[in-house]
Every structure is written in C-alpha cells, then in structure tokens.
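# Commentary on secondary and tertiary structure
The residues making up each chain are set out below.
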Amino acid sequence: MTPTTSFRQKIQRRPVHGVLLLDKPLGLSSNQALQKAKWLLRAEKAGHTGTLDPLATGVLPLCFGAATKFSQLQLEADKTYEAVLLLGQKTTTADAEGEVIETRPVPEITPDLLESITRRFTGPLAQVPPMYSALKKDGKALYEYARKGIEVEREARHITIFKLNMALAHDPRAQAAIKIIVNCSKGTYIRTLGEDIGEALGCGAHLGSLRRIETGGFVAAQCVTLAALEAMTEAERDACLLPPQSLVADYPSVTLDADNAGRFLSGLRRRGQWGADASLVQVYGSEPAAFLGSAHICADELIPQRLLSPIEVQDILQSSRRTTEVLTPVSLAAASDPMEAGSFQH
C-alpha cells in the first residue's frame, strides 16, 4: 500500500484538542500539511495559523478541536524567518519557483553596502503584496489573476521589520547570494522584501529558500516533522500536542472555584477581585483543575471571550489521563538509560 493510498483510506475520526508544532516540509502547502497531520491524528476538527508557501519550511502551528478557538492570536503574532536571496535575477513569482524575467549584473557587495540596506529596510515600511499571493480581489485569489498574466492594483500594507540581519552567502544557483534573518510583524511578505532589497542593490533578486524559525514564541526546535509523526504510535502523536492554553500562555491567568467556574463556562460575567484591567486573561477552574477559556477584565468584572464547551473540557481531562497512563512506563524506561533518554527528540 502506497503512502498516498494510506492517506486516503477511510478512518474513524475522534475529538482531538491541542496544538501541534509542525515543521512544514518543502513542497507542501500549509493546507496539505494540515490535512496529513489531521489524518494521522484522526482529528475531527483542525486549522492552521497562517499560510506558509510550498517553497517555505518551518514552524507551522496546527490547531485541533478547542485550540482552533484561539488560533487568531497566532495569526496576529510577530514572526521570524531565515531566507537566502539569489542576486542578479528577477522571477515571475519573486522566488525560485518562477520563470526568470530579468537578469542584471551584481555590484560588489560590501559590508558598508549591506549595513546601509539593513538600515533602509528596518522599521515601519509600506509593502505592496505580491501578485502570487492568496489575498482576494473580487472574490478571487491574486495568484489566480497572476497565472493568467493579469496584474491588478494592490494597496500597500503597513508592516514593521523589527530586526534584520544580512550577510553574504554562497549559493551555486546565483552570481551572489545574501542570507537574511527577519523578525517582522504579521502580513509581511518575505518574497516582496527580498525583491525590494534586490532593487535597492540595483541588480534584482529572488528568494532561493525560506524557513520560518519562530512564530508567536514557538520555535523550530520545538517542532515535529510529518515523517516523525508517521513513525509514531497514536499515543506518541497525542503526546506531541501542546494544550489549547499554550496559545494564551503569555497572558495573566485567573483561577475560579467550582461555582464561579460553572457560571463562567455558561457565559456569565463574574464579579470579584481579579486584578488589574486586562484585555485578555486565561481562565482555569480549580475543581477539577482545567482550562476553561479566555476573558478580559474590566472594572472588577471577568467577562468571557472564548470558551471551551463542557464536553471539550471533559475530553481534554480524559485525554490527559490516557496519555499519562500510556506514556509513563515508556518515560520511566527511558529515564533508566541515559543514552535512550537523551536520544528521544523530534
């Protein structure tokens, strides 16, 4: 049976709740990677937290079940990318997948020139989205127009490059290449940034490779690959999931007693001494200890925002118990052998 046949095989779906930090492979769209992970986990409901091009690899948080309610926070998060710019050629798509449309000589790339370009492209910028993007115009994605050779007018978007590092690199595909590491706000197109840097250098450029190394505090070292997931048992796959509250872990938390927890979970505001006003807090029940959702605090009122359903809370508690029961013997065995304990990495 081929992997493709196996992937399409009918499976029994189940409720799965949590966040999978996937290292998206080269050549798959974000949705294709999501669907494969969803199939491997047999999950009923799933969504990703922002598109990575097929050319790109790296950190792609996937949300399952209750976690999808908090995925917007990752869409809004700052991100960090590592990329290689191939100098001297422009392509139709601004990356290595497009056809070359212009070739120009590359000037001498000096440290002073790189420093000047770095300053120019750091801070608030106005960036025109590329035609090869999923942005919509009259109900159609821009890339649909681009494939037909049609260019439509796009408004510039305000983005911020918080930090930009640039250094000369070697790549056999180009006369010269530059490696960049970019920490940026949401909505930044690295392909467009690379093309703009090429224009500033006077020689043109396109993206040779792109890797997302961080998004919203999640880093590449935390991620698991699809190949590793395929080799795991279902219990091991479940153990890779972070809890839904990992998406709001940077915010203050409030813990409620049983009575307040029940009322809060039904959508009622709770009055009390919850601390200073806050636009977002994570809320927990104490009996049993469980994540209930998010809220904001205003004038001593805890006001629900995104809530888990009682069934989701129960599913998560039961799943946590099952995972602990299944994996504890494995963990104990690994801990008794230092070599085995040190080698269990994704």
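Residues numbered from 1 in each chain as written. Predicted model: local features only at pLDDT ≥ 70, side-chain atom pairs only at ≥ 80, totals over all residues. Heavy atoms only, no water.

## A few points about helix H2 (residues 30–41)
Owing to its 3.6 residues per turn, the α-helix aligns residues three or four sequence positions apart on the same side. Here H2 spans 17 Å end to end across twelve residues, near enough to the 16 Å set by a 1.5 Å rise per residue. Every buried residue of H2 is accounted for by Ser 30, Ala 33, Leu 34, Ala 37, Lys 38, Trp 39, Leu 40 and Leu 41. A positive backbone phi angle near 60° is found at Arg 42, which sits one or two residues after H2. (Helix = DSSP H or I, 4+ residues; strand = E, 2+ residues; numbered from the N terminus. Expected span 1.5 Å × (residues − 1). Buried < 20%, exposed > 50% of the residue type's maximum accessible area, 1.4 Å probe, protein only.)

## What about the side chain of Thr 91?
Tracing the backbone through its elements, the reader meets Thr 91 in strand E5 (residues 89–91). One polar contact links the side chain of Thr 91 to the main-chain carbonyl oxygen of Asp 95, over a distance of 2.8 Å. (Polar contact = N/O pair within 3.5 Å; in protein donor to acceptor, adjacent residues only side chain to side chain.)

## What to know about the packing of aromatic side chains
Aromatic ring pairs: the centre-centre distance and the angle between the two ring planes describe each pair. Scanning the entire structure with this criterion turns up two aromatic pairs. Taking the centre distance of 5.5 Å and the plane angle of 55° together, the rings of Phe 70 and Phe 291 count as tilted. Taken together, the residues span a long stretch of sequence, with Phe 70 in the loop between strand E3 (56–64) and helix H3 (72–75) and Phe 291 in strand E17 (residues 289–298) at a distance of 221 residues. Classification of Phe 291 by relative accessible area gives buried; the value is 6%. Between Tyr 284 and Phe 291, the ring centres sit 5.5 Å apart and the planes meet at 55°, which makes this aromatic pair tilted. By way of ring pairs, the aromatic residues Phe 70, Tyr 284 and Phe 291 are connected into one cluster. (Phe/Tyr/Trp six-rings, centres within 6.5 Å; stacked < 30°, edge-to-face > 60°.)

## Here's the deal with the environment of Leu 164
Along the chain, Leu 164 turns up in strand E10 (residues 157–169). Assessed through its relative accessible area of 5%, Leu 164 is described here as buried. Excluding anything up to four places from it in sequence, Leu 164 contacts Thr 118, Phe 121, Thr 122, Ile 180, Ile 181 and Val 182. (Contact = heavy atoms within 4.5 Å.)

## Section: the nonpolar core
In terms of nonpolar packing, the biggest core is built from 48 residues, with Leu 20, Phe 64, Leu 87, Ile 180, Ile 190 and Leu 229 touching the most fellow members. Of all the elements, H2 adds the most residues to this core, at six residues. If we skip the residues at most four places from it in the chain, Leu 87 touches Val 106, Ile 109, Ala 174, Gln 175, Ala 176, Ala 177, Ile 178, Leu 201, Cys 203, Gly 204 and Ala 205. Counting 32 residues, the second largest nonpolar core, distinct from the first, contains Val 59, Ala 261, Val 283 and Leu 317. (Core = buried A, V, L, I, M, F, W, Y, C linked by side-chain atoms within 4.5 Å.)

## Describing the sheet that holds strand E16 (residues 278–286)
The mixed open sheet is built from five strands, whose spatial order is E14-E16-E17-E18-E15. Edge positions in the sheet fall to strand E14 (253–256) and strand E15 (270–271), since each of these pairs with one other strand and no more. As judged from the five bridges shared by E17 and strand E18 (residues 301–307), these two strands associate in the antiparallel manner. Note that in E18 the partner of Gly 293 across the bridge is Leu 307. Across the face of the sheet, helix H9 (residues 258–265) comes into contact with E14, E15, E16, E17 and E18 while running at roughly 70° to E17. (Pairing = 2+ DSSP bridges. Axes fitted to C-alpha atoms, helices over the stretch in contact; angles between N-to-C directions.)

## Quick look at helix H6 (residues 190–201)
Taking 1.5 Å of rise per residue, twelve residues should cover 16 Å, and H6 covers 16 Å from first to last C-alpha, within 8% of that figure. Inspection of H6 places Ile 190, Arg 191, Thr 192, Leu 193, Gly 194, Ile 197, Gly 198 and Leu 201 among the buried residues, and these make up the whole buried set. Looking at the buried residues of H6, the elements they touch are strand E4 (79–87), helix H4 (111–120), strand E7 (123–127), E10, strand E11 (176–184) and strand E12 (205–215). Within two residues after H6, Gly 202 carries a phi angle of roughly 85°, on the positive side.

Keep in mind that these numbers describe shape and distance, not what the molecule does.
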